[in-house]
Amino acid sequence: MANGGRGSSSGGRAARKDPYLGFNFQVEIGSLIVGGFSSISGLRIQTAVESRREGGVNTHEHRLPGPTSYTDLILRRGMSDMDNLWSWYQQVIAGKFSRYDGTVHLMDRTGAFLKQWHFRSAYPIAWEGPEFDAASNQVLFQSLTLAHDGIFEA
């Protein structure tokens, strides 16, 4: 391509739709934007497959969808004095906690929302603190793992 591989609408060609970039996102839990995260993992849904045999059919098994499960979400960010997620986890430890719905927002370079994934009834189940290394000047990271009752795309 003469234009360096970039699509254009000139010459009767449709504009190219590039894949989304994964660096611009934010997380909302309850109705609060809970800060910027370095990474989010666990946006995964998986449906089990159950095999069924049919009497007299020896050539194959029927494969049917079974229960669907959702993996835990892991939110990772640099440590700061913002401790609302730590406080939420401390409530779980004390046995007095609340579940919250939340959303992962994927945004474009201008900050406009591209896609959103909602999760239901989340609560923290694990916290991991930073790794200290006297020979390093890297940012200290913490992570919070959330259990939830499902993910759906908005």
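Here, the structure is the one placed above.
Residues numbered from 1 in each chain as written. Predicted model: local features only at pLDDT ≥ 70, side-chain atom pairs only at ≥ 80, totals over all residues. Heavy atoms only, no water.

K.L.:
Break down the packing of aromatic side chains for me, citing the residues and quoting the values.
P.N.:
In total, this model carries 3 aromatic pairs according to the counting rule given. For the pair W88 and Y100, a centre-to-centre distance of 5.4 Å together with 65 degrees between the ring planes defines the contact as edge-to-face. On the criterion of sequence distance, the pair formed by W88 in helix α1 (residues 84-93) and Y100 in strand β7 (residues 100-107) is long-range, its members being 12 residues apart. Owing to a relative accessible area of 6%, W88 belongs among the buried residues under this scheme. On the basis of relative accessible area, Y100 is assigned to the partly exposed category, the value being 35%. Arranged with centres 5.3 Å apart and planes meeting at 40 degrees, the rings of F97 and Y123 form a pair that is tilted. Note that F97 is positioned in the loop between α1 and β7 and Y123 in strand β8 (residues 113-128), a separation of 26 residues in sequence. The exposure class assigned to F97 is partly exposed, which follows from its relative accessible area of 34%. Sitting over the ring of F141, R76 keeps its end group 4.4 Å from the ring centre. (Phe/Tyr/Trp six-rings, centres within 6.5 Å; stacked < 30°, edge-to-face > 60°. Helix = DSSP H or I, 4+ residues; strand = E, 2+ residues; numbered from the N terminus. Buried < 20%, exposed > 50% of the residue type's maximum accessible area, 1.4 Å probe, protein only. Lys NZ or Arg CZ within 6 Å of the ring centre and 35° of its normal.)

K.L.:
Tell me about the pairing of β7, residues and numbers included.
P.N.:
Counting buried positions along β7 gives 6 out of 8 residues, so the element sits mostly inside the fold. As paired strands, strand β1 (residues 25-29) and β7 are joined by 5 bridges and run antiparallel to one another. Of the residues in β7, the one forming a bridge with Q26 is H105. Examined bridge by bridge, β7 and β8 share 7 bridges and lie antiparallel to one another. Directly across from G102, in β8, lies its bridge partner F119. The antiparallel pairing of β7 with β8 creates a hairpin that spans 5 residues between the two strands, and G111 there sits at a positive phi of about 95 degrees. (Pairing = 2+ DSSP bridges.)

K.L.:
Lay out the layout of surface pockets in plain terms, naming residues and giving numbers.
P.N.:
Its boundaries defined by the atoms lining it, the largest pocket holds a volume of some 250 Å³. For the lining of the largest pocket, the element with the highest residue contribution is strand β9 (residues 141-147), accounting for 3 residues. (1 Å grid on protein atoms, 1.4 Å probe; cavity = no way out; pocket = protein on both sides within 12 Å on 5 of 7 lines; lining within 4 Å. Points joined across faces, edges and corners; volume = space filled by probe spheres on them.)

K.L.:
Can you tell me about unusual backbone geometry, naming the residues and giving the values?
P.N.:
Working note: non-glycine residues mostly have negative phi, and peptide bonds are mostly trans. Within the chain, S121 stands out as a residue other than glycine whose phi angle is a positive 50 degrees. Counting through the fold element by element, S121 comes out in strand β8. Of the residues examined, S121 reaches a relative accessible area of 22% and is grouped as partly exposed.

K.L.:
Explain a nonpolar patch on the surface to me, using residue names and the numbers behind them.
P.N.:
Judged by side-chain polarity, M79, W86, W127, F132 and L140 come together as a nonpolar surface patch covering roughly 500 Å² of accessible area. You can call M79 partly exposed: its relative accessible area is 37%. (Patch = residues over 30% accessible without salt bridge, like charges linked within 9 Å, V, L, I, M, F, W, Y side chains within 5 Å. Areas by Shrake-Rupley, 256 points an atom, 1.4 Å probe, with all protein chains shown as cover. Salt bridge = Lys/Arg side-chain N within 4 Å of Asp/Glu carboxyl O.)

Shape is all these values report; function is a separate question.
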